[in-house]
There are 2 protein chains.
Amino acid sequence: MPKLRVHNFAVSLDGFAAGPDQGPDAPLGLGGGRLHDWVFRTRYGRTMIGEPGGDAGPDDDILAAGDHNIGATIMGRNMFGPVRGDWPDDSWTGWWGDTPPYHHDTFVMTHYARPALPMKGGTTFHFVCDTPEAVLARAYEAAQGQDVRLGGGAATIRQFLAAGLIDDLHLAIVPTLLGSGERLFDNLGSLPGYRVTDMLSTKSVTHVWLTKH
Amino acid sequence: MPKLRVHNFAVSLDGFAAGPDQGPDAPLGLGGGRLHDWVFRTRYGRTMIGEPGGDAGPDDDILAAGDHNIGATIMGRNMFGPVRGDWPDDSWTGWWGDTPPYHHDTFVMTHYARPALPMKGGTTFHFVCDTPEAVLARAYEAAQGQDVRLGGGAATIRQFLAAGLIDDLHLAIVPTLLGSGERLFDNLGSLPGYRVTDMLSTKSVTHVWLTKH
Ligand SMILES: NC(=O)c1ccc[n+]([C@@H]2O[C@H](COP(=O)([O-])OP(=O)(O)OC[C@H]3O[C@@H](n4cnc5c(N)ncnc54)[C@H](OP(=O)(O)O)[C@@H]3O)[C@@H](O)[C@H]2O)c1
Ligand SMILES: NC(=O)c1ccc[n+]([C@@H]2O[C@H](COP(=O)([O-])OP(=O)(O)OC[C@H]3O[C@@H](n4cnc5c(N)ncnc54)[C@H](OP(=O)(O)O)[C@@H]3O)[C@@H](O)[C@H]2O)c1
């Protein structure tokens, strides 16, 4: 059975997945860039941005594992970009340049309709307004037997968690305090269906794996 | 210079230091008892409750380190007990029986006055209503050159953190989700004065150490 997986989702020690006031120059909000420093210290992370170097080791392996056997991606509209409300035009095409690192159908959840956006390298952004269940069904179909990845952000993960749709959730707890921003675990109740299966601290972050049981 | 230290303060993966609805049978709130399971798996933790057995290892050493060179303790009124508002009488003397594990002057912050309460084994509970700075000054005096420990709970630690009074803060992140309760990091802003100096995951918990710089 294909799964819905979250990988390498970074949260600060005080529980934020992004700082406040996201904008074109602050994709992760103010101060939130620190959440991804560990990514760009790894070899895999540097390759993602076309840079040489980076460290091998557990962070590198764990980061790479997030891309294994993924056939489609789902994300919230604020992970896709800083535009809110109606799309003024079709000029915003994501943070990732003309060749996004997805290479498959990518479903952007939004209340604001927009035509599908094919990019170089096989990524097509589909703008969808539906329940998590319905979007997930479309993504499973697009993934053709592979797993589906839920990229983020916090609000979208909360929504899928609350609906019990996430099978595996891997967090990277980053040893920094953001103070405010988008909290991951908020108003979720006790999520009795999830248990922590493993934890690992590296020099940079603490990895935590949760599984639905 | 003596320090104000927090040790072994347990928080759930979703950031709670206690579950909701604390009561006489639920000192840590509903579900919150899980936050201290790791304590009672260690040798030091079992000794604290007069039980044999328990494991040696890093959790045991780290737990024990919290008691080194401590000459006085500060805690919030809800850590002392479940009584709220006026004290109906002096019958509530803490969760710890007639010989509490402090063995020194222990300052309980509360807006409700009550005479000092000497217990067996050297602990005296002093009920104090003052600013964190003033209570800390009294505790430093009582500690006679040793450090002061801030025991908790969440609201009291937040107050001392916001005032920049805590020198060392050691948290134990427990791999469980409580869903609601007393959040440690809440409305604190970015606490720019604190940085994480170390992290260590054991089988049971992830230890995180923060220091004021
Ligand atoms: N820490 C990490 O590893 C990580 C990973 C990914 C992203 N992030 C960051 O997280 C932040 C974004 O997170 P976020 O919590 O602000 O937002 P988000 O989850 O990315 O997006 C939420 C938005 O998606 C739309 N949406 C969600 N569910 C919907 C549904 N069922 N139907 C229709 N529309 C729906 C709504 O937008 P509209 O109503 O406006 O359409 C909603 O406001 C960004 O800063 C991003 O960079 C961090
Ligand atoms: N996770 C852990 O390791 C750990 C450790 C310790 C405690 N705990 C748990 O945490 C919970 C208690 O935490 P909490 O956040 O609810 O409360 P708390 O911090 O223990 O106590 C807060 C109360 O202390 C009094 N207070 C605080 N500052 C004061 C001041 N400056 N002047 C006068 N009074 C002051 C006020 O009570 P009044 O106004 O009523 O007097 C306030 O409501 C308990 O469930 C406890 O078992 C957990």
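Please refer to the structure higher up on the page.
Quick caveat: nothing in here was measured; it's all calculated off a predicted structure. One numbering rule holds for all chains: residues counted from 1, following each sequence as written. Naming scheme: in the order in which they are written, chains are lettered from A and ligands are numbered from 1. In view of the model being predicted, local features appear only for residues whose pLDDT reaches at least 70, and side-chain atom pairs are presented and counted only at 80 or more, with totals across whole chains, interfaces and linings using the full set of residues. The side-chain numbers reported here are obtained from all heavy atoms of the structure, hydrogens and water having been left aside.

A. Representation of the site of ligand 1 in the model. Residue and element names in this part refer to chain A. As a matter of local geometry, ligand 1 sits amid 25 residues, with A10, R77, T110, H111 and T156 nearest to it. Whenever two N or O atoms come within 3.5 Å, that pair is a polar contact, provided that in protein one can donate a hydrogen and the other can accept it, and provided that, for residues adjacent in sequence, both atoms are side-chain atoms. One of the side-chain N or O atoms of Q22 is found 3.3 Å from an oxygen atom in ligand 1. Values of accessible area rely on a 1.4 Å probe in the Shrake-Rupley scheme; residue burial ignores everything except the protein chains shown. In isolation ligand 1 has 940 Å² of accessible area, and contact with the protein removes 87% of it. Only DSSP runs of H or I covering at least 4 residues are called helices, and only runs of E covering at least 2 are called strands; the numbering of each starts at the N terminus. Counting only elements with at least two residues in the shell around ligand 1, the list comes to β1 (4–12), β2 (16–18), α4 (77–80) and α6 (154–162). Per-element accounting of the shell around ligand 1 gives the leading share, 4 residues, to α6. Residues are counted as near a molecule or strand when any one of their heavy atoms sits within 4 Å of it.

B. Structural detail: the interface of chain B and chain A. By definition in these notes, contact holds between two residues if any of their heavy atoms fall within 4.5 Å. Each side of the interface is counted separately: chain B has 25 residues, and chain A has 25 residues. The term buried area means the drop in 1.4 Å probe accessible area that two parts suffer when joined, counted for both and summed. Both faces considered, chain B and chain A share a buried interface measuring about 1,900 Å² in area, 69% of it formed by carbon and sulfur atoms. Interface area lost by chain B to chain A is led by L13, L177 and M199 of chain B, which between them contribute 32%. Any carboxyl oxygen of Asp or Glu within 4 Å of a side-chain nitrogen of Lys or Arg constitutes a salt bridge here. In this assembly, chain B and chain A are joined by 2 salt bridges. The residue R183 of chain B makes a salt bridge to D186 of chain A at a minimum N-O spacing of 3.3 Å. Only β10 (194–201) and β11 (206–212) of chain B provide two or more residues apiece to the side of chain B that touches chain A.

C. Broad picture of the site of ligand 2. Residue and element names in this part refer to chain B. Lining the immediate surroundings of ligand 2 are 25 residues, of which A10, R77, T110, H111 and T156 lie closest. Within the side chain of Q22, an N or O atom sits 3.3 Å from an oxygen atom of ligand 2. In this structure, an oxygen atom belonging to ligand 2 sits 2.9 Å away from a main-chain N or O atom of M79. Across the complex, the protein chains shield 87% of the 950 Å² of accessible surface that ligand 2 would expose by itself.

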